[in-house]
Amino acid sequence: MKKVLFATGNEAKVKRFKDKLLNKGIDLLSLKDLDISLSVEESGTTAVENALIKARAYHDVSNMPVMAMDDSLYLEKVPDELQPGLYVRRVNGKSLSDEEMIEHYSNLVKNYGVDGKIIARWVYGLAIINGKKEETYTWSKTNFWLVDTSSSVVNPGYPLNSISKNIKLNKYFSEMTQIDQENVQEQEDDVIEFIAKNV
């Protein structure tokens with residue numbers, strides 16, 4: 001079985017891909033599994049650039065295939081200077097806790113939304129380094145609503161799921177079942193295929 005290091009400290013992100021990659025014969029390892037801790041300055045201007053920066057740094061210390069991911073968030077009708085972009089968790093130089101993120105983004109919706117919601121979109125970047133080979137992939141998910149009222153269900157590591165709603169189902173991401181996810185086709189099979197092909 002192939003082993004790949006996922007260069008993230010977010011265990012929820014590891015869980016997001018682990019089972020699907022196991023089905024492809026790939027054992028996705030976390031930084032915790034290998035007891036690796038680095039401080040990497042993410043100085044890129046896009047999610048793909050930041051993913052590459054992280055993948056290179058962790059590949060250098062682990063000497064094994066590495067994948068890294070970054071994401072950016074865009075909110076309609078929110079002024080440019082307040083757009084999260086690449087800095088979804090870092091606001092005004094501070095790294096927010098899950099609870100602080102829910103409060104911050106709920107307030108943005110209260111200030112700039114209409115009827116308690118804003119149209120939002122995630123854009124993702126993924127980088128894989130396997131030996132000297134570097135591959136990147138970018139994708140975005142379907143537009144969704146960011147809302148000003150939180151669900152009582154919070155996904156650790158993905159706090160915004162409790163104030164994000166699927167437009168088609170009008171349902172919080174944190175409350176969506178496996179069947180809901182299949183119905184809205186947010187399975188990321190293309191991403192899994194990309195990873196399997198390049199590690």
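Residues numbered from 1 in each chain as written. Predicted model: local features only at pLDDT ≥ 70, side-chain atom pairs only at ≥ 80, totals over all residues. Heavy atoms only, no water.

Chemist: I keep staring at the packing of helix α1 (residues 11-22) against helix α6 (residues 189-198) and nothing clicks. Help me out?
Modeler: Two numbers describe a pair of packed helices, the interaxial angle and the distance between the axes. The interhelical angle for the contact between α1 and α6, taken along N-to-C directions, is 65°, at an axis separation of 11 Å. Read as a crossing pair, α1 and α6 show a hand that is right-handed. For the pair formed by α1 and α6, the contact residues are Phe17, Lys20 and Leu21 on the first element and Val191, Ile192 and Ile195 on the second. Tallied by class, residues from the contact of α1 with α6 come to five nonpolar, no polar and one charged. (Axes fitted to C-alpha atoms, helices over the stretch in contact; angles between N-to-C directions. Helix = DSSP H or I, 4+ residues; strand = E, 2+ residues; numbered from the N terminus. Left-handed = near helix turned anticlockwise from the far one by under 90°. Contact = heavy atoms within 4.5 Å. Nonpolar A, V, L, I, M, F, W, Y, C, P; charged D, E, K, R; others polar.)

Chemist: Hey, could you run me through the confidence of the model for the protein chain in this one?
Modeler: Low-confidence regions, as indicated by low pLDDT, have predicted coordinates that should not be scrutinised in detail. Model confidence for the protein chain is summarised by a mean pLDDT of 92, while 98% of its residues fall at 70 or above. Averaged over each element, pLDDT in the protein chain is lowest for helix α5 (residues 178-183) (81) and highest for strand β8 (residues 144-147) (97). (pLDDT = per-residue confidence, 0-100.)

Chemist: Please explain α1 as it appears in this structure.
Modeler: Along an α-helix, residues three or four apart share an orientation, since each turn contains 3.6 residues. The terminal C-alpha atoms of α1, which comprises 12 residues, lie 16 Å apart, in line with the 16 Å expected from a rise of 1.5 Å per residue. Among all positions in α1, only Ala12, Lys13, Val14, Arg16, Phe17 and Leu21 are buried. Of the surrounding secondary structure, the elements contacted by the buried residues of α1 are β1 (2-6), β2 (26-29), β3 (66-75), β6 (117-130), β7 (133-140) and α6. (Expected span 1.5 Å × (residues − 1). Buried < 20%, exposed > 50% of the residue type's maximum accessible area, 1.4 Å probe, protein only.)

Chemist: Any chance you could explain the environment of valine 191 here in plain terms?
Modeler: Within the secondary structure layout, valine 191 lies in helix α6. On the basis of relative accessibility, which here comes to 0%, the residue valine 191 falls in the buried class. Each C-alpha atom, one on valine 191 and one on leucine 126, is 8.7 Å from the other, the two residues being 65 residues apart in sequence.

Chemist: Hey, could you run me through the pattern of salt bridges in this one?
Modeler: Note on pairing: side chains with opposite charge can pair once their charged atoms come close. Applying the stated criterion across every chain yields a total of 11 salt bridges. Among the salt bridges present, the one from lysine 13 reaches aspartate 71, with a minimum N-O distance of 3.5 Å. Residue lysine 13 is found in helix α1, and its partner aspartate 71 is found in strand β3; the two are separated by 58 residues along the sequence. Residue aspartate 71 is classed as buried on the basis of its relative accessible area of 11%. With its nearest N and O atoms 3.5 Å apart, the salt bridge here joins lysine 141 to glutamate 188. Here the residue lysine 141 occupies a position in the loop between β7 and β8, and glutamate 188 occupies one in the loop between α5 and α6, the gap between them amounting to 47 residues. (Salt bridge = Lys/Arg side-chain N within 4 Å of Asp/Glu carboxyl O.)

Chemist: Would you mind going over the packing of aromatic side chains with me for this structure?
Modeler: Here a ring pair, both rings aromatic, is described through the centre-centre distance and the interplanar angle of the planes. Evaluated as defined, the whole model comprises six aromatic pairs. Here tyrosine 137 and tryptophan 139 contribute two aromatic rings whose centre-to-centre distance is 5.7 Å and whose plane-to-plane angle is 35°, an arrangement assigned as tilted. Take tryptophan 139: its relative accessible area is 9%, and that puts it in the buried class. Measuring from centroid to centroid gives 4.9 Å for tyrosine 137 and phenylalanine 194, while their planes differ by 20°, and the two rings are stacked. A residue pair is termed long-range when its members are at least 10 positions apart, and tyrosine 137 in strand β7 and phenylalanine 194 in helix α6 qualify at 57 residues. One cation-aromatic arrangement involves lysine 117 over tryptophan 145; the distance from NZ or CZ to the ring centre is 4.0 Å. (Phe/Tyr/Trp six-rings, centres within 6.5 Å; stacked < 30°, edge-to-face > 60°. Lys NZ or Arg CZ within 6 Å of the ring centre and 35° of its normal.)

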